[in-house]
Amino acid sequence: MSTPIRILDILGKKTAAPPMHVPLPARAGRLTKGRPLVRRKNRMVMPEFLRESNENEMVLEFIKAESASTDWLDYYKFPEGYSYEELIEKADLSNDRQNALRRSMLNYRGYATRTALFAGFPIEVSWSVDRFSVTEIAAFRYANNPPWSRLAGRGRLVGDGARAIAEDPNRVVGLGIHLEKLEAIRDQLKSGRVLARLIVAAIGDTYTIIEGHMRATALAGFPMDQNFDVLVGHADDFRQWQVH
């Protein structure tokens, strides 16, 4: 297996990190108080199940992530009488009115109508918060949607995307991926800032990113055994999602 290169090495001398084993993620639909197990050549991948979650928390994390980005902020229209602080920073997930407002804010992404990004997305999805190592996050797949789907080849693996950036940053810029934003995210994470969780769909033996392509790629430069919490969706019909 080829040796991964840290993303930060793009800006300076490239130094090889230790060889990275990219394991096969856990299978969908097996929520237990322990860890779901998937065997691969005598190895087991065991993302740690932390707790159950729900749609309301997923919508909040999605908006929290995108509204923090200059790429998406202008798409969000906060309802009259409500502030960012009230609906996002100090969100009350037990408040039905707030939850309904946040779902309506996500309509520009086609969430309610199951169009655009959410075309074919299942109606019934159960959610959990699981803990993954950086090695496991490197095995996540980008959604089949440009520019990320064009970055890492047919496998669409995050680890391959990080290597592609290190090997040919000019090509990456040509795809419309902003390296300065990638490094800014890494700097925020290194400083200890808590960012919105990645959101992924558990599909068969893989995890496909729903939201957080840039953050996942940034994490690929962190120590392989460092852990991050991820929102995971589980459904029987995720393969109908058009960008899975």
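Quick caveat, the model's predicted, so the values are computed rather than measured.

A.B. asks: Explain helix α7 (residues 179–190) to me, and be specific about the residues and the numbers.
C.D. replies: With 12 residues, α7 extends 17 Å between its outermost C-alpha atoms, agreeing within 8% with the 16 Å of an ideal straight helix rising 1.5 Å per residue. Within the span of α7, buried status applies to L179, L182, E183, I185, R186 and L189. Take α7 and look down its axis: the buried residues cluster within an arc of 155°, on one side only. Against the buried residues of α7 lie α5 (158–167), α6 (169–175) and α8 (213–219). G192, located one to two residues past α7, shows a positive phi value of around 95°.

A.B. asks: Residue-level account of helix α3 (residues 96–105), with values.
C.D. replies: Quick reminder: α-helices carry 3.6 residues per turn. Residues three or four places apart thus point the same way. Every buried residue of α3 is accounted for by Q98, N99, L101, R102 and M105. Viewed along the axis of α3, the buried residues span an arc of 160°, placing them on a single side of the element. Across from the buried face of α3, at angles greater than 90 degrees, the exposed residues are D96 and R97. The residue sitting at the N-terminus of α3 and contributing the capping side-chain oxygen is N95; that oxygen lies 2.9 Å from the backbone nitrogen of R97.

A.B. asks: Give me the lowdown on the pairing of strand β4 (residues 126–133), citing residues and values where you can.
C.D. replies: Counting buried positions along β4 yields 6 of 8 residues, so the element is predominantly enclosed. Direction of pairing for strand β3 (residues 48–53) relative to β4: antiparallel, over a ladder of 5 bridges. Within β4, the position partnered with F49 by the bridge is D130. Where β4 and strand β7 (residues 227–234) come together, 8 bridges link them in antiparallel fashion. Its bridge partner lying in β7, S128 is registered against V232.

A.B. asks: Which residues make up the packing of helix α1 (residues 55–67) against α3, and what values do they have?
C.D. replies: The packing of two helices is summarised by the inter-axis angle and the distance between the axes. Contact geometry of α1 with α3 gives a least axis separation of 9 Å together with a crossing angle of 50°. When the interaxial angle is binned, α1 and α3 end up oblique. Note that α1 runs across α3; the crossing there is left-handed. Counted together, E55, N56, V59, L60 and I63 of α1 and N99, R102, R103 and M105 of α3 form the full contact between these two elements.

A.B. asks: Lay out the layout of surface pockets in plain terms, naming residues and giving numbers.
C.D. replies: The calculated volume of the largest pocket comes to roughly 1300 Å³. A65, I185, E211, M214 and R215 are, among the 43 residues lining the largest pocket, the residues nearest its centre. Only α1, α2 (84–89), α7, β6 (206–211), α8 and β7 provide two or more residues apiece to the lining of the largest pocket. Of all the elements, α7 adds the most residues to the lining of the largest pocket, at 5 residues. Classifying every residue of the lining of the largest pocket gives 23 nonpolar, 8 polar and 12 charged.

A.B. asks: Could you give an account of the nonpolar core, with specific residues and numbers?
C.D. replies: Among the nonpolar cores identified, the biggest contains 32 residues, and I137, F140 and L151 are the most heavily contacted of them. Only α4 (134–137), α5, α7, β5 (198–203), β6, α8 and β7 provide two or more residues apiece to this core. Beyond its immediate chain neighbours, meaning those up to four positions away, L151 contacts Y142, G161, A164, I165, R171, V172, L175 and I177. Counting 28 residues, the second-largest nonpolar core is a separate cluster that includes I63, Y76, A235 and F238.

A.B. asks: Quick rundown of the sheet that holds β5? Include the residues and the values.
C.D. replies: With respect to topology, 5 strands assemble into an open sheet ordered β3-β4-β7-β5-β6, the strand pairing being mixed. What marks the edges here is a single partner per strand, and that holds for β3 and β6. Adjacent strand axes in the sheet meet at a mean angle of 35° when their direction is disregarded. Relative to β6, α1 is tilted by about 60°, and along the sheet it contacts β3, β4, β5, β6 and β7.

A.B. asks: Before we move on, could you go through the pattern of salt bridges and cite the residues and values that matter?
C.D. replies: Enumeration according to the criterion identifies 10 salt bridges in this entry. The salt bridge involving R131 is made with D229; its shortest N-O contact spans 2.7 Å. Here R131 is found in strand β4, whereas its partner D229 is found in strand β7, with 98 residues between them in sequence. Exposure remark for D229: the relative accessible area of 25% places this residue in the partly exposed category. A salt bridge links R163 to D160; the shortest N-O distance between them is 2.4 Å. Taken as a pair, R163 and D160 lie in helix α5 at a separation of 3 residues, close to a single helical turn. Look at R163 and you get buried, because its relative accessible area is 7%. Since its relative accessible area comes to 27%, D160 is described here as partly exposed.

Cut-offs applied
- Residues numbered from 1 in each chain as written.
- Predicted model: local features only at pLDDT ≥ 70, side-chain atom pairs only at ≥ 80, totals over all residues.
- Heavy atoms only, no water.
- Helix = DSSP H or I, 4+ residues; strand = E, 2+ residues; numbered from the N terminus.
- Expected span 1.5 Å × (residues − 1).
- Buried < 20%, exposed > 50% of the residue type's maximum accessible area, 1.4 Å probe, protein only.
- Arc of directions from axis to C-beta.
- Contact = heavy atoms within 4.5 Å.
- Polar contact = N/O pair within 3.5 Å; in protein donor to acceptor, adjacent residues only side chain to side chain.
- Pairing = 2+ DSSP bridges.
- Axes fitted to C-alpha atoms, helices over the stretch in contact; angles between N-to-C directions.
- Parallel < 35°, antiparallel > 145°, perpendicular 65-115°, else oblique.
- Left-handed = near helix turned anticlockwise from the far one by under 90°.
- 1 Å grid on protein atoms, 1.4 Å probe; cavity = no way out; pocket = protein on both sides within 12 Å on 5 of 7 lines; lining within 4 Å.
- Points joined across faces, edges and corners; volume = space filled by probe spheres on them.
- Nonpolar A, V, L, I, M, F, W, Y, C, P; charged D, E, K, R; others polar.
- Core = buried A, V, L, I, M, F, W, Y, C linked by side-chain atoms within 4.5 Å.
- Salt bridge = Lys/Arg side-chain N within 4 Å of Asp/Glu carboxyl O.

All quantities given are derived from atomic positions and should not be read as evidence of function.
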